[in-house]
Amino acid sequence: MFLKPAVASGTLIATLLSLPAAADASFERCMGDLRSEAQKHGIKQETFDALTRALEPDRSVLGLLDYQPEFQTPIWDYLAGLVDEERVADGRAMMERWAATLQQVETQYGVDAATIVAVWGVESNFGRNFGKRPLLTSLSTLSCFGRRQSFFRGEFFTTLKIIENGDVDAARLTGSWAGAFGHTQFMPSTFARVAVDFDGDGRRDLVDSIPDALASTANFLIKAGWVSGQPWGHEITLPGDFDFSLAGRHNKRSIAEWVRLGVRRIDGVPLEASTTAAAVLLPAGEGGPAFLVQRNFDALYSYNTAETYALAIAHLSDRLRGSGAFVRPWPTDDPGLSRAERREVQSLLVRLGYAIGEIDGLIGKTSREAIQDVQRANGLEPDGRAGRYMLDVLRRLAGTAEGEES
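Parameters at a glance
Residues numbered from 1 in each chain as written. Predicted model: local features only at pLDDT ≥ 70, side-chain atom pairs only at ≥ 80, totals over all residues. Heavy atoms only, no water. Helix = DSSP H or I, 4+ residues; strand = E, 2+ residues; numbered from the N terminus. Rg over C-alpha atoms; globule rule 2.2 N^0.38 Å. Buried < 20%, exposed > 50% of the residue type's maximum accessible area, 1.4 Å probe, protein only. Contact = heavy atoms within 4.5 Å. Areas by Shrake-Rupley, 256 points an atom, 1.4 Å probe, with all protein chains shown as cover. Expected span 1.5 Å × (residues − 1). Arc of directions from axis to C-beta. Salt bridge = Lys/Arg side-chain N within 4 Å of Asp/Glu carboxyl O. Disulfide = S-S within 2.5 Å. Lys, Arg positive; Asp, Glu negative; His and termini not counted. Polar contact = N/O pair within 3.5 Å; in protein donor to acceptor, adjacent residues only side chain to side chain.

Right, let's talk about the overall build of the protein chain for a bit. Along its length, the protein chain carries 18 helices and seven strands. For 406 residues, the compact-globule formula gives about 22 Å, and the C-alpha radius of gyration of the protein chain, at 23 Å, lands near that figure. Here the protein chain, with 406 residues, has 50% of them falling under the buried criterion. Expressed as a percentage of contacts within the protein chain between residues at least 6 apart in sequence, the contacts between residues at least 24 apart total 69%. Surface accessibility of the protein chain: about 18,200 Å² in total, with carbon and sulfur atoms responsible for 50%.

This part covers helix H2 (residues 24-38). Two residues of an α-helix separated by three or four positions point the same way, owing to the 3.6 residues in each turn. Given a rise of 1.5 Å per residue, 15 residues ought to cover 21 Å, and the 20 Å separating the end C-alpha atoms of H2 matches this to within 8%. All of the buried residues in H2 are Phe27, Cys30, Met31, Leu34 and Ala38. Here the buried residues of H2 occupy an arc of 105° about the axis, which is enough to place them on one side. Turned more than 90 degrees away from the buried face of H2 sit Glu28, Arg29 and Ser36, all of them exposed. Contact partners of the buried residues in H2: helix H3 (45-52), helix H9 (135-144) and helix H10 (149-164).

On inspection of all chains with the given rule, the structure shows 26 salt bridges. Between Glu37 and Arg153 there is a salt bridge, with its nearest N and O atoms 3.6 Å apart. Here Glu37, found in helix H2, pairs with Arg153, found in helix H10; they are 116 residues apart in sequence, far enough to count as distant. A salt bridge links Arg395 to Glu344; the nearest nitrogen and oxygen atoms lie 2.8 Å apart.

Moving on: the state of the cysteines. Applying the stated criterion to the full structure yields one disulfide. With a sulfur-sulfur separation of 2.0 Å, Cys30 is cross-linked through a disulfide to Cys144. Between Cys30 and Cys144, the S-S torsion sits near -85°, and that sign places the bridge as left-handed. Of this pair, Cys30 sits in helix H2 while Cys144 is found in helix H9, placing the two residues 114 residues apart along the sequence. Taken individually, Cys30 and Cys144 each receive the classification buried, so the pair is uniform in this respect.

Below, the discussion takes up the side chain of Glu235. Examined against the element boundaries, Glu235 turns out to sit in strand E3 (residues 233-237). No salt bridge forms around the buried Glu235; measuring N to O, its nearest opposite-charge neighbour Arg328 is 6.9 Å away. For Glu235, the side chain forms a polar contact with the main-chain nitrogen of Arg328, separated by 3.0 Å. Not counting residues up to four positions away in its chain, the partners in contact with Glu235 are Arg264, Arg265, Ile266, Pro289, Ala290, Phe291, Phe326, Val327 and Arg328.

Here is the structure:
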């Protein structure tokens, strides 16, 4: 659960990032102010002092304030890496392993197992990727520098309260740059509002208790308006004379009205002409797949306020139930890559002599720079993107390099 970006001053962030260590005096002054304010939030002074005494700012988080992949990555790349065969197989294994717990959660909250596991898979790859940044370090830095200091101060104080209450140990609280943590990546304020103790040990623990994390996710969705037993939506076909001005997640009409206008499910199953409100979603414009989305899509959207994110959760949940890929292709001649294919890209770069670090399927700065170098050397646009075309180029180049070596 990450933050939606807003307009920022790149000059201000660059200045903050370049400040020398001596400027940490400003951080110390800020922490003094926070210490005074902490008491108003019910945090004991001894708790604040014990947990902040050794804190030092991490200004690298300031450069991330305006980056969120849901808004900056083509949707075919975004979905290809989040909803691939590897994650579907892992998700089905988790559904089987945690079947009893998921059944109990569904009985109590009314959210189905596939949806909960889909959130888990997208947010932390089933607990494999919590994020490595200490929450107190990131949130104290964001409380003192950059935009939205007031917001991050609230998250910082809430984190201190989580630790003080004994829910999660400070050393276990690592996560994203913005402070999201645990199996399903709650922000601290979200944790305070909806996290539950499902395993009955007296603590709400999203880090070391999978039952707590799964139930807390269901509780979040219910409070966000999830309607038990209702689908998130369907892939659809539109009539040739469809008025595209009617599309958009907020332009809701009854399903009966959409049926009257010629909207049909792409799999041929009739849409029930009901009074249920729904909207036509075109995430890649008129040339890509179209979806009729209902209230549960909005609940998924509220988890991370991005339509691409909600679609990833929705699609993965369908795949976990046994459905296939979207029928209509994305409007691109250079499709995105699965994580296995991204790992192949990295392996091929290493074979070509590039030191890119860990082969993890995450195309970060070092991998993108290596791709750009290959692109320049071969007369290609140096955009650093790892797509199907680039994978084919690397396969050919690595094959040629092997041939020359032999």
